Amino acid sequence: MGSSVAGDPSMDGRCQATEESLWSSAPWEGDSGFGTGSSMEVLPLSAYAEVPQASHCSLPPAPSFSALPSERSCAGSHGRSMEIAMLHHTQFLHSLVGLGQAADSRDGPVVRDALCQLLSCMVEAWADPRLLPPASLILRAARVVGQALESLSGPACGELVGRAESCLKELTALLLDNTRLNWFQRQETLADCLAALGGSPSLKLPFILHAFCEVNAFGEHLLQSLGEGLGQFDVARYENCFYLLRVLERLLLDESWEQSRLAWEGSPLLSSVLSRLEVNVLRLSADFPLLAIYMWRMGACLKGAGP
């Protein structure tokens, strides 16, 4: 009764086209959709070749960072329980800060435990994108931690500040070490989180100095690659360095920075960071002018001579 389609040239062509379309459009499970493979790039031959040619290619639309359905589902109940725990700790600390009771509360150990738990949750969540809660929650948590630290006093406060500094260093490493070039929204949110937590008065200067040390270290890595004639540099880290510089810009242009800077003016550590930065700016200016200009501008802000 029915006619067979076997041997029909038009049907064979449609089947082949459909199969090729499926192979070309289906992403590899567990991949971001645009992995870097190798993040090394040939060093530029001139100042005009600083930005890699790959950045001019037509890229597929990047998936929304807040939705990573396959990855979030893999996390299962652990990701959901972390989100709930982070929400509870944030609400608790926010309530104490709002009531002005975080400093003189008789439940000091509970407050300290909530802060430690919240810091640990933030690092763990950023380290595994399957566990990351909504951006609004994690940014609120970062702000509340900074506010709670300012309302505490005593020896325990110093210990918590040290814990928060370690958290900032870990988050900075996660920002710089990211190798997925299409995670723009994730990087933006992580940079906002660093600015929110690092903007706390007790954390601002240590974080700024650490961030400058990271920028200087990468600049020296580029110079070493040039000097040894390796012909390659880490493109992913180069691009991530600009996210960190933007965080520095936000903190250094904040009105509260001037008071912090005056308090540390003449510090040997601050002088060391600045002199190291100035040397790197001069040596990078020929081959990496965009990075050198941004570093120079941040150095001027650090000295108080910027806008």
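Residues numbered from 1 in each chain as written. Predicted model: local features only at pLDDT ≥ 70, side-chain atom pairs only at ≥ 80, totals over all residues. Heavy atoms only, no water.

### A closer look at the overall build of the chain
Now for step 1: A count of helical and extended segments in the chain gives 12 helices and two strands.
Now for step 2: Listing every helix and strand of the chain by position from the N terminus yields α-β-α-α-α-α-α-α-α-β-α-α-α-α.
Now for step 3: When burial is assessed residue by residue, the chain has 40% of its 307 residues classed as buried.
Now for step 4: A fraction of 80% describes how many contacts in the chain between residues 6 or more apart in sequence connect residues 24 or more apart.
Now for step 5: For the chain, the exposed area adds up to about 16,300 Å²; of that, 57% sits on carbon and sulfur atoms. (Helix = DSSP H or I, 4+ residues; strand = E, 2+ residues; numbered from the N terminus. Buried < 20%, exposed > 50% of the residue type's maximum accessible area, 1.4 Å probe, protein only. Contact = heavy atoms within 4.5 Å. Areas by Shrake-Rupley, 256 points an atom, 1.4 Å probe, with all protein chains shown as cover.)

### Examining helix α5 (residues 135-151)
Given 3.6 residues to a turn, an α-helix orients residues that are three or four positions apart in the same direction.
Now for step 1: Its 17 residues give α5 an end-to-end C-alpha distance of 25 Å, which sits within 8% of 24 Å, the value for a rise of 1.5 Å per residue.
Now for step 2: Taken as a whole, α5 has its buried residues at Leu137, Ile138, Leu139, Ala141, Ala142, Val144, Val145, Gly146, Ala148 and Leu149. (Expected span 1.5 Å × (residues − 1).)

### Quick word on the environment of leucine 223
Now for step 1: Tracing the chain through its elements places leucine 223 in helix α8 (residues 201-227).
Now for step 2: Between the C-alpha atoms of leucine 223 and phenylalanine 288, which are 65 residues apart in sequence, the distance is 9.9 Å.

### Some thoughts on the confidence of the model for the chain
Caution applies to low-pLDDT parts of the model: their predicted coordinates are not meant to be read in detail.
Now for step 1: Looking at the chain, pLDDT values average 73 and 63% of them are 70 or higher.
Now for step 2: For the chain, the element scoring lowest by mean pLDDT is helix α1 (residues 9-25), at 42; helix α9 (residues 235-252) scores highest, at 94.
Now for step 3: In this model residues 1-7 is a low-confidence stretch, pLDDT under 50, and it forms two contacts with partners more than four residues away in sequence or in other chains.
Now for step 4: Below pLDDT 50 for its whole length, residues 42-75 participates in 50 contacts with residues either more than four positions away or in separate chains. (pLDDT = per-residue confidence, 0-100.)

### Observations regarding the pattern of salt bridges
A side chain of one charge can pair with a side chain of the opposite charge when the charged atoms of the two come close.
Now for step 1: By the definition in use, this model includes eight salt bridges.
Now for step 2: As a salt-bridge pair, arginine 250 and aspartate 192 come within 2.6 Å of each other at their nearest N and O atoms. Highlighted residues: arginine 250 in helix α9 and aspartate 192 in helix α7 (residues 184-198), separated in sequence by 58 residues.
Now for step 3: Relative accessible area serves as the criterion here: at 47%, arginine 250 is assigned to the partly exposed category.
Now for step 4: When the shortest N-O distance is used, the salt bridge between arginine 276 and glutamate 220 registers 2.7 Å. Taken together, the residues arginine 276 in helix α11 (residues 268-284) and glutamate 220 in helix α8 connect sequence positions 56 residues apart.
Now for step 5: Taking relative accessible area as the criterion, arginine 276 reaches 29% and is therefore assigned partly exposed.
Now for step 6: When salt bridges that share partners are traced, they join Asp177, Glu214 and Arg237 into one network. (Salt bridge = Lys/Arg side-chain N within 4 Å of Asp/Glu carboxyl O.)

### Re the packing of aromatic side chains
Now for step 1: Inspection of the entire model under this criterion finds five aromatic pairs.
Now for step 2: Residues phenylalanine 233 and phenylalanine 288 carry aromatic rings whose centres are separated by 5.5 Å and whose planes lie at 80° to one another, so their mutual orientation is edge-to-face. Of the two residues, phenylalanine 233 is situated in strand β2 (residues 232-234) and phenylalanine 288 in the loop between α11 and α12 (289-303); the sequence distance between them amounts to 55 residues.
Now for step 3: What makes phenylalanine 288 buried here is its relative accessible area of 0%.
Now for step 4: Through successive ring pairs, a cluster of aromatic residues spans Phe233, Tyr238, Phe242, Phe288 and Tyr294. (Phe/Tyr/Trp six-rings, centres within 6.5 Å; stacked < 30°, edge-to-face > 60°.)

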